[in-house]
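# Examining the three-dimensional arrangement
Each chain, letter by letter, is given below.
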Amino acid sequence: MVLDPSVVLTWILFLALFPIAFFWLRRAWRILVRGDFSEVALRRGVPPANPAKFAPFVAALNLVCGAVIVFVIFGVVSARLDYETWSSTAGITIWSKFLFDFILGRHAHPVAWGRKKKSADETVAPSGE
């Protein structure tokens, strides 16, 4: 085996699968078993107003993606998956997880379009006068 950049990147990808699977499965465990919603649908580090509403989706996403990564790890170790199969499966799983986490985070924190509604304080004494 010649040590070139592609071999090094392949090993980095494979070794990175272990902590990735651990963190994703731990996150699913925290949401499903412990009921800890502190990491559900975060946007800029802030949870949504109702994290319990989005918890099943985030837990399912973490559980499925973590299971796929564990399957890939066992497939590589047991030599049942060739390079193209396991690297593409791992890559698609990682990118899909990031994308769906982003979508859930944005869906949980809706953007208010249009004019801001005046609060009770501004209607009594408008600012600037």
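Check the entry above for the structure.
### Regarding the overall build of the protein chain
Within the protein chain one finds four helices and zero strands. Expected size for 129 residues packed as a compact globule is a radius of gyration near 14 Å; at 21 Å, the protein chain overshoots this value by more than 25%. Along the first, second and third principal axes, the C-alpha set of the protein chain runs to 75 × 35 × 20 Å. Residues classed as buried in the protein chain amount to 28% of the 129 residues present. Total accessible area computed for the protein chain in this model is approximately 9,400 Å², and 67% of it derives from carbon and sulfur atoms. Of the side-chain charges in the protein chain, 14 are positive and 9 negative, and the distance between the mean point of each set is 6 Å.

### Thoughts on the packing of aromatic side chains
Enumeration over the complete set of coordinates arrives at six aromatic pairs. Aromatic side chains F22 and F23 sit 5.4 Å apart centroid to centroid with 70° between the ring planes, which places their arrangement in the edge-to-face category. Classification of F22 by relative accessible area gives partly exposed; the value is 47%. Residue F23 is classed as partly exposed on the basis of its relative accessible area of 44%. Ring plane angle 85° and centroid distance 5.8 Å describe the contact between Y83 and W86, whose orientation is recorded as edge-to-face. Taken together, the positions of Y83 and W86, both in helix 3 (residues 83–108) and three residues apart, correspond to about one turn of that helix. Chaining the aromatic ring pairs together yields one cluster made of W11, F14, F18, Y83 and W86.

Rules behind the numbers
Residues numbered from 1 in each chain as written. Predicted model: local features only at pLDDT ≥ 70, side-chain atom pairs only at ≥ 80, totals over all residues. Heavy atoms only, no water. Helix = DSSP H or I, 4+ residues; strand = E, 2+ residues; numbered from the N terminus. Rg over C-alpha atoms; globule rule 2.2 N^0.38 Å. Buried < 20%, exposed > 50% of the residue type's maximum accessible area, 1.4 Å probe, protein only. Areas by Shrake-Rupley, 256 points an atom, 1.4 Å probe, with all protein chains shown as cover. Lys, Arg positive; Asp, Glu negative; His and termini not counted. Charge placed at Lys NZ, Arg CZ, Asp CG, Glu CD. Phe/Tyr/Trp six-rings, centres within 6.5 Å; stacked < 30°, edge-to-face > 60°.

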